[in-house]
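# Overview (structure and organization)
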Amino acid sequence: MKVTAIISQELIEEAMELSKADTITEALKVALVSYIRSQKVKQIGASIVSEPLEFKYSAQELRDLNRR
């Protein structure tokens, strides 16, 4: 998809430097993927806080199962 956006030159240059991208498009793709991943991690963290994980086995039971 082709998009026109007004983004400061400094921001583009920093994104390209940090992502080691050769093109603006590549830098923006890296930035968007990174942002999406970080937001998904935040969502998962929030869901774990609201509904904590429950473990079926104790640490010793897991060790015993892994040694079989």
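What counts and how
Residues numbered from 1 in each chain as written. Predicted model: local features only at pLDDT ≥ 70, side-chain atom pairs only at ≥ 80, totals over all residues. Heavy atoms only, no water. Axes fitted to C-alpha atoms, helices over the stretch in contact; angles between N-to-C directions. Helix = DSSP H or I, 4+ residues; strand = E, 2+ residues; numbered from the N terminus. Parallel < 35°, antiparallel > 145°, perpendicular 65-115°, else oblique. Contact = heavy atoms within 4.5 Å. Buried < 20%, exposed > 50% of the residue type's maximum accessible area, 1.4 Å probe, protein only. pLDDT = per-residue confidence, 0-100. Patch = residues over 30% accessible without salt bridge, like charges linked within 9 Å, V, L, I, M, F, W, Y side chains within 5 Å. Areas by Shrake-Rupley, 256 points an atom, 1.4 Å probe, with all protein chains shown as cover. Salt bridge = Lys/Arg side-chain N within 4 Å of Asp/Glu carboxyl O.

## As for the packing of helix H1 (residues 9-19) against helix H2 (residues 24-50)
At a minimum axis distance of 9 Å, the contact between H1 and H2 shows a crossing angle of 75°. On the basis of the axis angle, H1 is roughly perpendicular to H2. Contacts from Ile12, Ala15, Met16 and Ser19 of H1 reach H2 at Ile24, Ala27, Leu28 and Val30.

## Details of unusual backbone geometry
Both trends apply: most residues other than glycine have a negative phi, and most peptide bonds are in trans. Positioned with a positive phi, lysine 20 is a non-glycine residue whose angle comes to about 60°. Within the secondary structure, lysine 20 is located in the loop between H1 and H2. For lysine 20, a relative accessible area of 68% gives the class exposed.

## So, the confidence of the model for the chain
Scored by pLDDT, the chain has a mean of 93; 100% of the residues are at 70 or more. In the model of the chain, helix H3 (residues 59-66) stands out as the element of lowest mean pLDDT, 91, in contrast to H1, which has the highest, 97.

## Looking at the environment of asparagine 66
Relative to the elements of secondary structure, asparagine 66 occurs in helix H3. Note: C-alpha distance between asparagine 66 and aspartate 22 (44 residues apart in sequence) is 46 Å.

## Some details on a nonpolar patch on the surface
A cluster of nonpolar side chains, contributed by Ile7, Leu11, Ile24 and Leu28, occupies part of the molecular surface with about 330 Å² of accessible area. Its place among the elements puts leucine 28 in helix H2.

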